[in-house]
Each structure stands twice: as C-alpha cells, then as structure tokens.
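# A closer look at the structure
Single-letter residue listing:
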Amino acid sequence: MIEPLIVFRGIKKNYANATILRNVDIALYHGKCILLSGNNGSGKTTLLKIIAGLETPSCAEIEFSGKSLSWKKAIQGVRKEIIYLHQHPYLLSGTVESNVSYGLRFTHLNRKQLRDSVKEALNWAGLADVAKHKAKTLSGGVQQRVAFTRAWILKPKVLLLDEPMANMDLESREKACDLLKRMKSEGMSIVITSHDTNIIDGLIDSHFSLSDGKLD
Amino acid sequence: MEGILFTTQKALYLLLTGDSELWSIVMLSFSVSLKAIIMTTPPALLVAYSLVNGHFPGIRIILAVFNSLLSVPTVVIGLFLYVMLTRQGPFGDLRLLFTQNAMVIGQILLCFPILVALGYATINAADKRVRETAMTLGAPWWFTILTVLYEVRFGLLAAVLTGFGRIISEVGISMMVGGNIFGYTRNITTAIALETSKGEFAQGIALGIVLLVLALVLTTFLSYVQGKQETST
Ligand SMILES: Nc1ncnc2c1ncn2[C@@H]1O[C@H](COP(=O)(O)OP(=O)(O)O)[C@@H](O)[C@H]1O
Ligand SMILES: [Mg+2]
C-alpha cells in the first residue's frame, strides 16, 4: 500500500452563519490527480485555499511526514510544498519572464541557475516567444499557461488547480491537459476542481464530489 | 501700496533672476516637507496594509480615528506640538521648538493620517489575488507586502503626492513650531504671511507663484498617475 503524501482530516469551515465544509478528509498521493466536482458555491475554492494555507479553517488536522498536527501548527511547513492556482490567475505587472521567475527568488538558486531554469521552463511551456511581453496584455489562455509555468518551475509536491478548464477553448484545453500530464509524470500530486465532470480524460485517478459540505 | 502690475513685475524679476533669499526660502520648504513625506510614507503604508489585511479587533475604530484626524486643523496640530515641545512641556529638554526638526515632526503628524487613509483605500481596492499569489509562490511576508504595494504603486504615488501637496502648503504648523526665523525656519508659506503683513507684496507674490506652479505640476502629475493606476488594474 502506498503512503499518502499529505492527509487533511476533519476540515470544517464556517462563515458568519453558514457552514461551508463540515468534515472533509482528503489524502493526496505522489503522481496522482484528484478531480473535485461540485455545484457552484459548494465550497471547492474554499477547500483548495484551506489546503494551500490561504484560508483559515474553523478546524482541521494535517498528517505530514509521519506527524499529525493541527492545521495551524503544520500549515507553515506544508505550505511550501503546495501551490494554488486561481480560476482566473493574476499575473503580476512586468513581463512573462518576471512572472515565471517570481517564486525562484525565494529559493537558493544563484543567478545563472535561475536564468537557466526560467529559460527551460519557458521552452517547456512554449512561451519562449512571449518571454519579454507584458504579462497582463496576453490573452486569457496564454495567461493561464504563464500561471501554470510560474507554479511548475518551483516543483511543488502538490498543485491545486481551481477550475483550470472553465475558460479555455478546446485547443488550449488540450495543451493544458498535456502540461498537466507531464507534471503528473514528474510525480506531482494534482487536485483539479470542476463543476463539469467529464472534461479531462486520461488525467484523473480519483474523483470526489463535494455537496452539502461533505466529500463523497 | 504700489500698483499691482508693478509688484507683479518685481515678483517675476525676483523669480527669474534667481534671487538668493527667495530661492533659499523655497529650498527650505522643500527640504522640510520632503524629509517629512519620506519619513511618513513607509510606516503609514505599513499601517494601511495591516488595516486591510490584519485580523485584529478594533480595525473599524482605528480607521474611524484616522479618518477624523484628517480634519484636524493645522493650528491645532501646531498648538499641540508647541505645548509638547515648549521648555516646560514634556519634551522641552529636547530643545526642538523653533527648529526645522519641529516643523518636520508637525508635518509628519499632518500627513500621517492622510497617507494611512488614502493608502488604506488604495490597498483595499487591490486585487485580493495578488496577496494569495505571492504567498502561494513562497514569498516571505515582507515580500508579499512589497508585491501588493507594487501592484498598486500608482495609487500609492497619488496618495504620497496628495500628502506632499498638503504639507508644503500648510502654514499653521510651520508658523507655530518653526517660528518663521529668517534663514532657519522661514519657509514659503510663513514668508508669504510675514511679507504680506509688512506690506511687502513682491516677495510674497513671487513665493505664491512658486506654490501655484507647484500645485499645478502636482495636480497634473496626480491625474496622470491616477490614470495609470486605472489602466493598470
Ligand atoms: N469570505 C467569505 N465570506 C462569506 N462567505 C463566503 C466567503 N467566501 C466564500 N463564501 C461562501 O462560501 C460558499 C462556497 O464558496 P466557494 O468555495 O467559492 O464555492 P465553489 O468554489 O465551489 O463555487 C459560497 O456560498 C460562498 O458564498
Ligand atoms: Mg470556485
């Protein structure tokens, strides 16, 4: 039996007077892709942000590298391994290149390694041509790819994608799907949310649906 | 009283011939107000950022306090500071009264709430995804703050320009805690007040023109910068 990479247990989330999540357990595995489906407003985005450490749960526990701790205690360490991608990614002002290299500043790469790494990533994603373009001026599909690349270059253990296919035409979907398969084959654990369940073939290993604050 | 035309001619002459007394007064104004705005901007923006993103109680009350501080008249700030700095006052030993540093402190008190209030509005309007993006890409807390501030830099620059325009044109604080000492604490506004009371209009008008031109430049630049912020978001 394969050990999970990270397990989140008993995630609960309340807003003022509404319960959004009421006892969600979710385990993430190396090189596996989970599809999270659910209606609009069912709490998919909230769940991903809690996993990424961007939203605070009312309560939750995390099992990671043999230890089980409260979300609050564990999240600082876990967050470094997890990247969340917005449904509509926000590209920072500056070029495509500066967006892609953003997270690398916080690693221990030297300047040459950083430059090589960015170059490799831009080629990998087919973005070399637009490397010097202002990121905010690009079309939605290309922006999405820049956001993928900006995350991939950091080689996180877990990648959380919020409705990545919702605003893409067929061609960009295929391209994005291709990129995701490559990420998976590199051992990344991927979680994708979608309210449309049968869009992504050959990528999904397990499928859960979120309704009434619970995962099935 | 001399004819207005003649006085204006004299004023222009002073300006264009680079009258050293006049321009040293102008430089003093800039020196004091630049120091004040430079020292105010970082802490005020940090406070504004914390008010937007912090999760501590009383944020609404703190905001309300800063907003009401916006309308405190400069003479009241001047009076308060005078009482603090006067020989018998709590900070009398610092010997700051009637110095440029006292003027700087007073102008800091004046523009701090302005920068907090305008900075808050600007940062609050920033896209919430900026902070989340920085955090999830591994930025440490201080770089996350810099990233958010950078994304709304034009709005923040507009706030700083507004604050600068306010302090370089104020007269109450400079007069009360600076004392209008020639060559030492006399700035544009206190000089205008003095010259006018003496009936010497030429220098007053010349300095007034400097202030007006400055206001014009600031306002033009401000609307340019605000346009930039709108197109960049
Ligand atoms: N900051 C918030 N305050 C109050 N309610 C919120 C907040 N964020 C999200 N919600 C509510 O939580 C529910 C789940 O939202 P979300 O996680 O975005 O769902 P999904 O991504 O599945 O569409 C929605 O009903 C939404 O209105
Ligand atoms: Mg959502």
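Refer to the structure above for everything that follows.
Residues numbered from 1 in each chain as written. Chains lettered and ligands numbered in written order. Predicted model: local features only at pLDDT ≥ 70, side-chain atom pairs only at ≥ 80, totals over all residues. Heavy atoms only, no water.

Right, let's get into the site of ligand 1. Residue and element names in this part refer to chain A. Taken together, Y15, I20, N39, N40, G41, S42, G43, K44, T45 and T46 form the complete shell of residues around ligand 1. Between ligand 1 and S42, the relevant distance is 3.3 Å, taken from an oxygen atom to a main-chain nitrogen or oxygen of the residue. Within the complex, 55% of the 570 Å² of free accessible area of ligand 1 lies under protein. The dominant element in the shell around ligand 1, judged by the number of residues it contributes, is helix α1 (residues 44-52), at three residues. Looking at the shell around ligand 1, its residues break down into two nonpolar, seven polar and one charged. (Near = heavy atom within 4 Å. Polar contact = N/O pair within 3.5 Å; in protein donor to acceptor, adjacent residues only side chain to side chain. Areas by Shrake-Rupley, 256 points an atom, 1.4 Å probe, with all protein chains shown as cover. Helix = DSSP H or I, 4+ residues; strand = E, 2+ residues; numbered from the N terminus. Nonpolar A, V, L, I, M, F, W, Y, C, P; charged D, E, K, R; others polar.)

Residues and elements named next belong to chain B. Here helix α8 (residues 153-168) is 16 residues long and its end C-alpha atoms lie 22 Å apart, about the 22 Å a rise of 1.5 Å per residue gives. Within the sequence span of α8, burial applies to F154, G155, L156, A158, A159, V160, L161, G163, F164, I167 and I168. As for α8, its buried residues are in contact with α2 (20-53), α5 (100-124), α7 (141-151), α10 (188-198) and α11 (201-232). (Expected span 1.5 Å × (residues − 1). Buried < 20%, exposed > 50% of the residue type's maximum accessible area, 1.4 Å probe, protein only. Contact = heavy atoms within 4.5 Å.)

This brings us to the pairing of strand β1 (residues 6-15) of chain A. Residues and elements named next belong to chain A. Inspection of the sheet shows β1 paired to strand β2 (residues 18-28) by eight bridges, in the antiparallel sense. Directly across from K12, in β2, lies its bridge partner R22. Connecting β1 to the next strand, β2, in antiparallel fashion are two residues. Strand direction decides the pairing type here: β1 and strand β4 (residues 59-64), joined by five bridges, are antiparallel. When the bridges of β4 are listed, R9 appears paired with E61. (Pairing = 2+ DSSP bridges.)

This next bit is on the packing of aromatic side chains. Counting across every chain of the model gives nine aromatic pairs over all chains. Taking the centre distance of 5.1 Å and the plane angle of 70° together, the rings of F106 of chain A and F143 of chain B count as edge-to-face. Of the two residues, F106 of chain A sits in the loop between α3 (96-101) and α4 (111-124) while F143 of chain B sits in helix α7, which places them in two different chains. Through a chain of ring-to-ring contacts, the aromatic side chains of Y102 and F106 of chain A together with W142 and F143 of chain B assemble into a single cluster. Above the plane of the ring of W152 of chain A lies K155 of chain A, whose end atom (NZ or CZ) is 4.4 Å from the centre. Above the ring of Y150 of chain B, the side-chain terminus of R153 of chain B is found at 4.0 Å from the ring centroid. (Phe/Tyr/Trp six-rings, centres within 6.5 Å; stacked < 30°, edge-to-face > 60°. Lys NZ or Arg CZ within 6 Å of the ring centre and 35° of its normal.)

The next point concerns the packing of α10 of chain B against α11 of chain B. Residues and elements named next belong to chain B. Closest axis-to-axis distance for the α10/α11 pair is 8 Å, and the angle between their directions is 150°. As far as their axial angle goes, α11 and α10 are roughly antiparallel. Of the two elements, α10 crosses α11, and the hand of that crossing is left-handed. Contacts from I188, T189, A191, I192, E195 and T196 in α10 reach F201, Q203, G204, L207, G208, V210 and L211 in α11. Looking at the contact of α10 with α11 residue by residue, the class counts come to seven nonpolar, five polar and one charged. (Axes fitted to C-alpha atoms, helices over the stretch in contact; angles between N-to-C directions. Parallel < 35°, antiparallel > 145°, perpendicular 65-115°, else oblique. Left-handed = near helix turned anticlockwise from the far one by under 90°.)

Attention now moves to the nonpolar core. Grouped together as the largest cluster of nonpolar side chains are 105 residues, with contacts concentrated most on L159, L180, M183 and I190 of chain A. The element contributing the most residues to this core is α2 of chain B, with 13 residues. Counting residues domain by domain, this core receives three or more from each of domain 1 (1-81 + 157-168 + 190-216) and domain 2 (88-155) of chain A. Non-local contacts of L159 of chain A, meaning those with residues more than four positions away in its chain, are made with I83, L85, A151, M183, M188, S189, I190 and V191 of chain A. The next biggest cluster of nonpolar side chains, apart from the first, holds 31 residues, and it includes I20, L36, Y84 and V191 of chain A. (Core = buried A, V, L, I, M, F, W, Y, C linked by side-chain atoms within 4.5 Å. Domains from an automatic or database assignment.)

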